[in-house]
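Breakdown of the fold
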Amino acid sequence: MQLDTLYVQNFRCIATGDISLSPQVNCIVGDNASGKTTLLEAIYILGRGESFRQSRLSKAIRQQADSFTLRTRLLGDHDSRHRIGAHVTRGSNRFKLDDQTETRRFDLISTLPLQHIDPNVHRLLEQGPKYRRHFLDWGVFHVEHAFFPAWRRYRRALKQRNRALRAHQPKHQVIAWDAELVQQGEIIDACRRQYLEHIKRRLPESTRRLVGDDDLTFVYHPGWRGEQGFGHALANSLDQDIRAGFTQHGPHRADMQVSVASTQARDWVSRGQQKLLTAALLLAQADILHAKRGIRPILLLDDMAAELGHTYRKALASEVIRVGAQSFLTFLNRESIPELLAESRMFHVEQGCVTTP
Ligand SMILES: Nc1ncnc2c1ncn2[C@@H]1O[C@H](COP(=O)(O)OP(=O)(O)OP(=O)(O)O)[C@@H](O)[C@H]1O
Ligand SMILES: [Mg+2]
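Parameters and conventions
Residues numbered from 1 in each chain as written. Chains lettered and ligands numbered in written order. Predicted model: local features only at pLDDT ≥ 70, side-chain atom pairs only at ≥ 80, totals over all residues. Heavy atoms only, no water. Helix = DSSP H or I, 4+ residues; strand = E, 2+ residues; numbered from the N terminus. Rg over C-alpha atoms; globule rule 2.2 N^0.38 Å. Buried < 20%, exposed > 50% of the residue type's maximum accessible area, 1.4 Å probe, protein only. Contact = heavy atoms within 4.5 Å. Areas by Shrake-Rupley, 256 points an atom, 1.4 Å probe, with all protein chains shown as cover. Domains from an automatic or database assignment. Buried area = accessible area lost by both parts, 1.4 Å probe. Lys, Arg positive; Asp, Glu negative; His and termini not counted. Salt bridge = Lys/Arg side-chain N within 4 Å of Asp/Glu carboxyl O. Polar contact = N/O pair within 3.5 Å; in protein donor to acceptor, adjacent residues only side chain to side chain. Pairing = 2+ DSSP bridges. Axes fitted to C-alpha atoms, helices over the stretch in contact; angles between N-to-C directions. Parallel < 35°, antiparallel > 145°, perpendicular 65-115°, else oblique. Nonpolar A, V, L, I, M, F, W, Y, C, P; charged D, E, K, R; others polar. Phe/Tyr/Trp six-rings, centres within 6.5 Å; stacked < 30°, edge-to-face > 60°. Bend = angle between axes of the 7 residues up to and from the residue.

Observations regarding the overall build of the protein
Counting secondary structure elements, the protein contains 12 helices and 14 strands. Rg of the C-alpha trace for the protein: 22 Å, near the compact-globule value of 21 Å for 357 residues, within the 12% margin. Across its three principal directions, the C-alpha atoms of the protein cover 65 × 50 × 35 Å. Expressed as a percentage of the 357 residues in the protein, the buried residues total 54%. Sequence-distant contacts in the protein: of pairs separated by 6 or more residues, those separated by 24 or more amount to 71%. Summing over all exposed atoms, the protein offers an accessible surface of approximately 17,100 Å²; the carbon and sulfur share of this is 45%.

Here's what the structure looks like:
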């Protein structure tokens, strides 16, 4: 999977940019506030239909402009070709995949799988379960086909159940949603467990290459306690749910922990190691997607040199090359680019102007 060109207009500090991309590694170099992350964000929006910076896309419209436009051409891994575009005004967000009249986020995500590794990537290990669920579900979504329809139905039923709880409706109206929740919840859980098996198989290798340690353990929490299954847990917590006003157990509360040498990763490893361990998780997902579906996702690595010394930078660069996906990496200056990437296509960004040296 590769992007052939990228066209950006009136997007944050970029007035116009029209660049031709390398199918392998693309290095974007520029000073602070020059527009490097903005370029990655443009690609991200085309693949996800949302930004990693702000929930309102219109905030990214260049000052004094009325709208921004992003466009790319995609060459898929199975000889497919697509055009993806975004046009955002202060009142509407419009996405277009080829000639489809109505493009949903689901269409973008399915067409252009991408992984984003930013300078705060270690929060995956440090912060709350939401990030880890998100990480897990990205992979599950792309690899396990039963996941998304079940997730959609689960979300709908959960919303209704929570609405009934909040409105203090009688018990029978609350539990009317339980059969659907349990049926879809069990599919979600099975997909996640299956996917985790792939991760467990692949992660030690890439962690060994990156941090020199492969003594990892995983703990998966499905989102409820007890051996008797989700249905049981849901029924047992009904009174608690009524008091709390929301559904406290289920796949929407799932979590996973990664431990190095039997200590939870966040307590043990240094910041640099944490970053590499997280990068290893994301790159292992890219490997799984390729092994299972023949697709290499696009990798966006923002400020990868931050907090990493020479050895770790080199290790990460060689993993990016090994994964073989089209990738976009940003650097503050040429000196921070690992030697292994010296032959990549270079882009220089200065005050929102993108040039190829
Ligand atoms: N809507 C907007 N209109 C105009 N400029 C904007 C808008 N939103 C953000 N900017 C500016 O765009 C510039 C580029 O930001 P960006 O985050 O891409 O820089 P960067 O090169 O990644 O910098 P750093 O190395 O510090 O991460 C910033 O100066 C920011 O103030
Ligand atoms: Mg940046």
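Following the structure, the description resumes.
Things to note about the domain arrangement of the protein
Segmenting the protein into domains produces domain 1 (1-113 + 295-357) and domain 2 (121-293). Taking the mean C-alpha position of each, domain 1 and domain 2 sit 28 Å from one another. Each partner contributes residues to the interface: domain 1 has 20 residues there, and domain 2 has 22 residues. Considering only the side of domain 1, the residues that lose the most area to domain 2 are Ile 295, Tyr 312 and Glu 319, jointly responsible for 29% of the buried surface there.

A word on the side chain of Lys 36
Along the chain, Lys 36 falls in helix 1 (residues 36-48). Buried charge Lys 36 goes without a salt bridge, the closest partner of opposite sign being Asp 31 at 6.4 Å. A distance of 2.9 Å separates the side chain of Lys 36 from the backbone oxygen of Asp 31, its partner in a polar contact. Ignoring sequence-local partners within four residues, the contact set of Lys 36 consists of Ile 28, Val 29, Gly 30, Asp 31, Thr 330, Phe 331, Leu 332 and Val 349.

Details of the sheet that holds strand 7 (residues 114-117)
With respect to topology, six strands assemble into an open sheet ordered 7-11-12-3-13-14, the strand pairing being mixed. Strands at the two margins of the open sheet, each flanked by one partner only, are strand 7 and strand 14 (353-355). In this sheet, adjacent strand axes meet at a mean angle of 20 degrees when their direction is disregarded. Here strand 13 (residues 345-350) pairs with strand 14 via three bridges, running antiparallel. Across the sheet, the residue bridging to Glu 350 is Cys 353, located in strand 14. Across the sheet, helix 11 (residues 271-293) touches strand 7 and strand 11 (298-301), and the angle it forms with strand 7 is around 170 degrees.

Quick look at the packing of helix 11 against helix 12 (residues 310-323)
Axis separation between helix 11 and helix 12 bottoms out at 11 Å; the angle between their running directions is 5 degrees. Viewed along their axes, helix 11 and helix 12 adopt a mutual orientation that is roughly parallel. Within the contact between the two elements, helix 11 uses Gly 272, Gln 273, Leu 276, Ala 279, Leu 283, Ala 286 and Asp 287 and helix 12 uses Tyr 312, Leu 316, Glu 319, Arg 322 and Val 323. Broken down by class, the residue content of the contact of helix 11 with helix 12 amounts to seven nonpolar, two polar and three charged.

Examining the pattern of salt bridges
Overall, the coordinates contain 20 salt bridges when judged by the stated rule. In this structure, the salt-bridge partner of Asp 107 is Arg 104, at a minimum N-O distance of 3.0 Å. Where Arg 123 meets Asp 118, a salt bridge forms, and the shortest distance between an N and an O atom there is 4.0 Å. For Asp 118, a relative accessible area of 14% puts it in the buried group.

Section: unusual backbone geometry
In the Ramachandran plot, Asn 10 falls in the positive-phi region, its phi being about 55 degrees despite a non-glycine side chain. Of note, Asn 10 is situated in strand 1 (residues 2-11). Positioned with a positive phi, Arg 12 is a non-glycine residue whose angle comes to about 45 degrees. Here Arg 12 is to be found in the loop between strand 1 and strand 2 (14-20).

Overview of the packing of aromatic side chains
Scanning all chains against the criterion turns up nine aromatic pairs. Look at Trp 151 and Tyr 154: their rings are 5.9 Å apart centre to centre, the planes differ by 10 degrees, and that puts the pair in the stacked class. Separated by three residues within a single helix, Trp 151 and Tyr 154 lie in helix 5 (residues 147-166), roughly one turn from each other. By relative accessible area, Trp 151 is classed as buried at 16%.

Examining helix 7 (residues 178-211)
Of all the bends in helix 7, the largest measures some 35 degrees and sits at Arg 202, one to four residues before the proline Pro 204. Trailing helix 7 by a residue or two, Gly 212 shows a phi angle of about 75 degrees, which is positive.

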